[in-house]
Amino acid sequence: MTETATAPLRIVLGSSLPEHDDSIARMITSGRGSLALILGDEDCRYRLLGQSINWDRILIAYRDCAALGYAAFKHHRRGPFSPGVRPFVREFGWLRGGLRYLLFVISECREWYYGFYLYGLRVTRQARHQGIATSLLSEIFNQARQSGHDRVELEVQVKNQRAQRLYTQQGFTRVRTTPVNWLGRLLPFPAVMNMRRSLTSLP
Ligand SMILES: CC(C)(COP(=O)(O)OP(=O)(O)OC[C@H]1O[C@@H](n2cnc3c(N)ncnc32)[C@H](O)[C@@H]1OP(=O)(O)O)[C@@H](O)C(=O)NCCC(=O)NCCS
């Protein structure tokens with residue numbers, strides 16, 4: 001076993017870091033692949049969102065100095081990203097950039113009815129199956145409690161069986177499956193399952 005594998009895992013809130021390095025911003029903006037038609041590929045998502053990360057909505061998992069995964073969350077209408085229209089215009093021009101920005105804002109509004117929402121969860125490929133996502137989720141539950149919520153909600157793609165298994169193991173239950181909602185008729189959203197985890201009862 002390598003030294004890296006045995007070092008203790010640290011989960012830290014992004015806003016507690018003295019500085020934010022680019023590689024972490026890249027990791028965080030690599031999520032939202034389901035919005036690729038609006039936000040483009042990973043490089044493009046980094047250019048659009050990388051400068052507008054709300055670090056108080058990001059948990060980062062570290063071993064030594066290596067960032068191995070993150071969990072992003074949203075509550076009180078503040079999520080991990082607050083981009084303005086400018087980067088969209090810079091990237092795509094006024095018309096197409098403005099339209100994409102509008103669609104992104106609409107997609108963000110879609111989640112407003114959740115109290116505490118798990119916005120994103122990702123572990124780097126080489127660090128998977130070591131319990132890192134499980135540790136991130138446990139800290140997510142703490143964040144939710146500290147912000148006065150008694151449950152955590154999320155959406156997971158119906159085809160993402162691995163993540164569903166993880167969430168079920170961590171006490172989430174299915175609330176409903178949304179094949180196509182009103183927004184899905186306009187935008188290419190995949191079918192998602194809503195899951196919920198109560199924080200007042202044991203998993
Ligand atoms: C889904 C994802 C976040 C899981 O991350 P992870 O760190 O591998 O998750 P964990 O290690 O906590 O648990 C995963 C599996 O490893 C097992 N495991 C946990 N700790 C372990 C350990 N120390 N040794 C061996 N296996 C372990 C778990 O039991 C689980 O097993 P299962 O897949 O058979 O159910 C990761 O695969 C990922 O980033 N996927 C791409 C992004 C994604 O799909 N995100 C979810 C969006 S909703």
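Cut-off values and rules
- Residues numbered from 1 in each chain as written.
- Predicted model: local features only at pLDDT ≥ 70, side-chain atom pairs only at ≥ 80, totals over all residues.
- Heavy atoms only, no water.
- Helix = DSSP H or I, 4+ residues; strand = E, 2+ residues; numbered from the N terminus.
- Buried < 20%, exposed > 50% of the residue type's maximum accessible area, 1.4 Å probe, protein only.
- Contact = heavy atoms within 4.5 Å.
- Areas by Shrake-Rupley, 256 points an atom, 1.4 Å probe, with all protein chains shown as cover.
- Lys, Arg positive; Asp, Glu negative; His and termini not counted.
- Charge placed at Lys NZ, Arg CZ, Asp CG, Glu CD.
- Patch = residues over 30% accessible without salt bridge, like charges linked within 9 Å, V, L, I, M, F, W, Y side chains within 5 Å.
- Salt bridge = Lys/Arg side-chain N within 4 Å of Asp/Glu carboxyl O.
- Near = heavy atom within 4 Å.
- Polar contact = N/O pair within 3.5 Å; in protein donor to acceptor, adjacent residues only side chain to side chain.
- Nonpolar A, V, L, I, M, F, W, Y, C, P; charged D, E, K, R; others polar.
- 1 Å grid on protein atoms, 1.4 Å probe; cavity = no way out; pocket = protein on both sides within 12 Å on 5 of 7 lines; lining within 4 Å.
- Points joined across faces, edges and corners; volume = space filled by probe spheres on them.
- Phe/Tyr/Trp six-rings, centres within 6.5 Å; stacked < 30°, edge-to-face > 60°.
- Lys NZ or Arg CZ within 6 Å of the ring centre and 35° of its normal.
- Pairing = 2+ DSSP bridges.
- Axes fitted to C-alpha atoms, helices over the stretch in contact; angles between N-to-C directions.

Section: the overall build of the protein chain
(1) Moving on: Along the protein chain, the regular secondary structure elements total eight helices and seven strands.
(2) Moving on: Classification of the 203 residues of the protein chain by burial places 47% in the buried group.
(3) Moving on: Long-range contacts, defined here as pairs at least 24 residues apart, represent 71% of the contacts in the protein chain between residues at least 6 apart.
(4) Moving on: When the accessible area of the protein chain is evaluated, it comes to approximately 11100 Å², of which 52% is carbon and sulfur surface.
(5) Moving on: Here the protein chain carries 28 positive and 16 negative side-chain charges, and the mean point of each set is 8 Å from the other.

Describing a positive patch on the surface
(1) Moving on: Judged by side-chain charge, R122, R125, R162 and R165 come together as a positively charged surface patch.
(2) Moving on: Tracing the chain through its elements places R122 in strand β4 (residues 116-123).
(3) Moving on: Given a relative accessible area of 33%, R122 falls into the partly exposed group.

Focus: the site of the ligand
(1) Moving on: Taken together, 19 residues surround the ligand, and among them L121, H129, G131, T134 and N160 come closest.
(2) Moving on: A distance of 2.6 Å separates an oxygen atom of the ligand from a polar atom in the side chain of T134.
(3) Moving on: Relative to its unbound accessible area of 940 Å², the ligand is 69% covered by the protein chains.
(4) Moving on: Elements with a minimum of two residues in the shell around the ligand: β4, α7 (132-146), β5 (151-157) and α8 (161-169).
(5) Moving on: Residue classes in the shell around the ligand are distributed as eight nonpolar, six polar and five charged.

Brief notes about the layout of surface pockets
(1) Moving on: Quantified by volume, the largest pocket comes out at close to 1200 Å³.
(2) Moving on: What lines the largest pocket is a set of 43 residues, and nearest its centre among them are L121, R122, N160, A163 and Y167.
(3) Moving on: Among the elements that take part in the lining of the largest pocket, β4 stands out by supplying seven residues, more than any other.
(4) Moving on: For the lining of the largest pocket, the residue count by class is 21 nonpolar, 12 polar and 10 charged.

A few points about the packing of aromatic side chains
(1) Moving on: The final tally for this structure, using the stated rule, is nine aromatic pairs.
(2) Moving on: The interplanar angle of 15 degrees and the centroid separation of 5.3 Å between the aromatic rings of F73 and F116 together place this pair among those described as stacked. Of this pair, F73 sits in strand β3 (residues 66-75) while F116 sits in strand β4, and the two are 43 residues apart along the sequence. Here F73 matches F116 in class, with each residue buried.
(3) Moving on: Through a chain of ring-to-ring contacts, the aromatic side chains of F81, Y113, Y114, Y117 and Y119 assemble into a single cluster.
(4) Moving on: Stacked on the ring of F92, the Lys or Arg R100 has its end atom at 3.9 Å from the ring centre.
(5) Moving on: A cation over a ring is seen here: R197 above F141, with NZ or CZ 4.3 Å from the ring centre.

Looking at the sheet that holds β4
(1) Moving on: Spatial strand order, β1-β2-β3-β4-β5-β7-β6: seven strands in an open sheet with mixed pairing. If you trace the sheet from one side to the other, it starts and ends with β1 (9-13) and β6 (173-178), each paired once. Within the sheet, the average angular offset between the axes of one strand and its neighbour, ignoring direction, is 25 degrees.
(2) Moving on: Note: β4 against β5, two bridges, orientation parallel. Its bridge partner being in β5, Y117 is matched across the sheet by E153.

Function-wise, these values are silent; they only describe arrangement.
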